[in-house]
Structure formats: C-alpha cells, structure tokens
There are 2 protein chains.
Amino acid sequence: MHGHPEVAVLRYGHRPGRDDRMTTHVGLTARALGADRVVLPDNATQSAETVRDITGRFGGPFEVGLTDELDATIDRWEGAIVHLTMYGERLQDVEADVRETHAEAPLLVVVGGEKVPGDVYEAADWNLAVTNQPHSEVAGLAVFLDHLFDGAELDQAYEDAEQRVVPQELGKRVEDVDEE
Amino acid sequence: MHGHPEVAVLRYGHRPGRDDRMTTHVGLTARALGADRVVLPDNATQSAETVRDITGRFGGPFEVGLTDELDATIDRWEGAIVHLTMYGERLQDVEADVRETHAEAPLLVVVGGEKVPGDVYEAADWNLAVTNQPHSEVAGLAVFLDHLFDGAELDQAYEDAEQRVVPQELGKRVEDVDEE
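Residues numbered from 1 in each chain as written. Chains lettered and ligands numbered in written order. Predicted model: local features only at pLDDT ≥ 70, side-chain atom pairs only at ≥ 80, totals over all residues. Heavy atoms only, no water.

**Quick notes on the sheet that holds strand β1 (residues 7-12) of chain B**
Residue and element names in this part refer to chain B. Formally: Two strands make a pair as long as DSSP finds a minimum of two bridges between them. Comment: elements are numbered from the N terminus, with helices defined as DSSP H or I runs of at least four residues and strands as E runs of at least two. Think of each axis as a best-fit line through the C-alpha atoms, taken over the contacting stretch in the case of a helix, with angles from 0 to 180 degrees between the N-to-C directions. In this description, contact between two residues means that some pair of their heavy atoms is separated by no more than 4.5 Å.
What the six strands build is an open sheet, ordered β3-β2-β1-β5-β4-β6; its pairing is parallel. The open sheet terminates on both sides in strands that have one partner only, identified here as β3 (63-67) and β6 (126-129). Averaged over all adjacent pairs, the angle separating strand axes in this sheet is 30°, with direction ignored. The sheet contact formed by β1 and strand β5 (residues 107-112) spans six bridges and is parallel. Each residue of the ladder has a partner; that of V9, found in β5, is V109. Packing against the sheet, helix α1 (residues 20-32) makes contact with β1, β2 (37-41) and β5, and its axis sits at approximately 175° to β1.

**With respect to the pairing of β3(B)**
Two faces, one strand: in a regular strand the side chains alternate between the faces of the sheet. Here β2(B) runs beside β3(B); their pairing, made up of five bridges, is parallel. Its bridge partner lying in β3(B), B:L40 is registered against B:L66.

**Notes on the relation of the copies chain B and chain A**
Filter applied, for reference: In this comparison the copies share one frame, found by least squares on the C-alpha atoms of residues holding pLDDT of at least 70 in both.
Mapping chain B onto chain A is achieved by rotating through 180° and translating by 0.0 Å along the same axis, at an RMSD of 0.0 Å. When the rotation and shift are considered jointly, the pair of chain copies conforms to a two-fold rotation axis. Closest approach to the rotation axis among the C-alpha atoms of chain B is made by B:A139, whose C-alpha sits 2.3 Å away. When you check the interface residues of chain B against chain A, 100% turn up at the interface there too, and the contact is symmetric in its surfaces.

**Remarks on the side chain of B:H83**
Residues and elements named next belong to chain B. Our working rule: When accessible area is computed with a 1.4 Å probe and restricted to protein chains, residues below 20% of their type maximum are described as buried, those above 50% as exposed, and intermediate ones as partly exposed. For the purposes of these results, a polar contact is taken to be a pair of N or O atoms within 3.5 Å, where, inside protein, one atom must be able to donate a hydrogen and its partner to accept one; residues adjacent in sequence count only when each atom of the pair is a side-chain atom.
Relative to the elements of secondary structure, H83 occurs in strand β4 (residues 80-90). Classification of H83 by relative accessible area gives buried; the value is 1%. A polar contact is formed between the side chain of H83 and the side chain of N127, at a distance of 2.8 Å. The contact partners of H83, leaving out residues within four places of it in the chain, are V110, V116, V120, Y121, A124, W126, N127 and L128.

**Structural notes on the sheet that holds strand β1 (residues 7-12) of chain A**
Residues and elements named next belong to chain A. Strand order in the open sheet formed by six strands is β3-β2-β1-β5-β4-β6, with parallel pairing between adjacent strands. Strands at the two margins of the open sheet, each flanked by one partner only, are β3 (63-67) and β6 (126-129). Within this sheet the neighbouring strands show an average axis-to-axis angle of 30°, counted without direction. Where β1 meets strand β2 (residues 37-41), three bridges bridge the pair, whose relative direction is parallel. Paired with L10 across the strands is V39, a residue of β2. Strand contacts of helix α2 (residues 45-58): β2 and β3, with the helix running at about 170° to β3, the strand carrying the most contacts.

**Overview of empty space enclosed by the protein**
Residues and elements named next belong to chain B. What counts here: Definitions used for this entry: grid spacing 1 Å over protein atoms alone; cavity, a set of points where a 1.4 Å probe fits but cannot get out; pocket, an open set with protein on both sides within 12 Å along at least 5 of 7 lines; lining residue, one with an atom within 4 Å of a point. Grid points are joined across faces, edges and corners, and a volume is the space filled by probe spheres set on the points. Residues are grouped as follows: nonpolar covers Ala, Val, Leu, Ile, Met, Phe, Trp, Tyr, Cys and Pro; charged covers Asp, Glu, Lys and Arg; every other residue, Gly included, is treated as polar.
In total, this model carries one cavity of 30 Å³ or more according to the counting rule given. Put simply, the largest cavity is a space of about 30 Å³. L91, E95, V98, R99, F144, H147 and L148 are the residues that line the largest cavity. Residue assignment for the lining of the largest cavity shows that the elements contributing at least two residues are α4 (91-102) and α6 (137-148). Taken together, the residues that form the lining of the largest cavity break down as four nonpolar, one polar and two charged.

In structure tokens form, the structure reads like this:
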C-alpha cells in the first residue's frame, strides 16, 4: 500500500478447477485489502486473468505474477515472511512485532493451499494463526492484512480505474471514471 | 459470542457444486470469528455437514441451520440486519453505529451469493461495504466480524471440543481434549 514497504501475497499451491475460485478470492482480497502484489502458481492462469481484469477496471496499482518456483520465491525473498496457518502463533500475540518489522522491510505473506511442506514453516519469520480454528485462507488473509495496516487500507485510493463504486445506503451506484 | 447478543450469519443463495467451498468457508468463518449461528439455503447440505463436523471436533457452541425460506428468515428477524455488499456504506463510517445497536440487540448478517434481490437491500438496516471493491464474501464477513467484536473474538474459548490446536512457533501441535 502507498506509503508502506511492499506487501506481496504468495499463494502456495493451486489445483486448477477445484481451487480456481479460492485462488481468485485470495488475489482479489490481497488487492482490496492493501497488498501490492499477488504471486500465483503458474497453473492458476484463470485466476490471474480474473484478478488482472478487476485491476484494469477498478484500478491499482496492483501486480499479478505467476511463478513455477514457489520455493525459490520464498528463498530469494529479501524481507520478512509471514506464513498464515491455523497451527501458528496467535495473531494478537505477534501482530505488533510484524507491524514493527514491516515498517522497515518488505513483507511476503504465504497463503497455503492443501499441503504446505515443512520447509515453508522453517523459512517463515512467523507462522501466524488468525485463530487456531479451521476456517478459510481467504478470511485469514483478510483479517491479517486489516490488522497489519490497522484499518488504513479501507481508505486507500485507486489509480487508473475505469469505474468506481460510490458508497450508498441503498442500491447500487457505479460511476465511470474520466481520467483527465 | 459469549457475553454478546446473538449474531447469526445468513448465506443468501447457494449453487450446489459450484458454491460448496465458498458456502463452507462462510460457515467456518462465521464460527471461527465469533458468530453464534449460520443459516444456509437448504440445498447446501454438504456445506452444512462439513461445518457441523468441524464444530463437533473443535467445539462450540455454534449452530448450523438450513432453510428453504431465505426471505422469511430476514422478514421475521427480531433485531438488526446488516447486508454485506460492495455497493454499501463504508465499514469505517458505520461500524460504530452497528456496534452500538448490537450491544442491545441480536444481529443478522446477510452474506450474498450471486444475485441478491432489491428486497434484501430494503430490509437491511445497513448495506455495508468492506471496501467498495470486488473481492470475496468470505473476506468481507471475516473483516466485518473482527470489527464488530473489536478483535475480542480472537480470544474466544470453545466448549465440548474433541481436539484443539496449540499455537506453535514452528510445526503443528494438536491435542486431544479430555473433558473431565
């Protein structure tokens, strides 16, 4: 997010077909809640296309990358790494440390698919649990980002949008954006 | 959540097959982030079964209901109603009002599927947007509940669990719970 070191979200694992919607939602949630970039496995081409399309219409900056090197993306990362997992330390216990570290350094947020190898747990600076309950990697990512940015991401502006939603008590209002 | 008026989450709409995972994640997110109950459309039997199974293993109290009367569930609700939609008012602008109302009254949180009719917008006390960006109903529900409870749901305890995850810096630790 503007004014912060980079936050990139890495979706670790994707099964085409079965995971398309979840992976798309990981990407869209990353964009809407303040991350700068999502990196998807290279077999998630359909999800990547959807997230790019939304970014084109509703604005950015937000980057969508595909990689066939999930592990190398982690190994080569220059900054701090958070791995979201229900087995990790509690968000409320470590979030202050994560925020302090991210004030100075880029942050990679690893969001697991079905199987995450032990190496990812080892590589992470924090294995972090948004509750130690089974729920949803999309929900976990959303709450994590909202805590990381302390709600400031809710006010972020988007550039180069074709359209924008105007908040309404009732009904739907979408405006075309005329770039001057 | 314990010590608060009831929060029920209503999943409005479900397409069997296509929506199974999203609806399951709505239910699991409701449970993990402090709601007391989820009500699913009666064709979401598989999702209901999964959420009940998780509740049996990881504890409650949490109820899972099925209904063939989505609209009547809204019409008959005795309390306040929030409808989560990207077209609504901004979370940060109305959350204080929602919290204040919920201090005194039960709250129904309506989470849309593909098509939500205008009647739902009319019936809601708040049409509320967790960002006015397209992302994920699961992410929106998670951030909404976390704001509603001001993070207190992260500390909630579960009763009658068979097992529980013990937070770890590294690795996975799941304990059997012996009820005395």
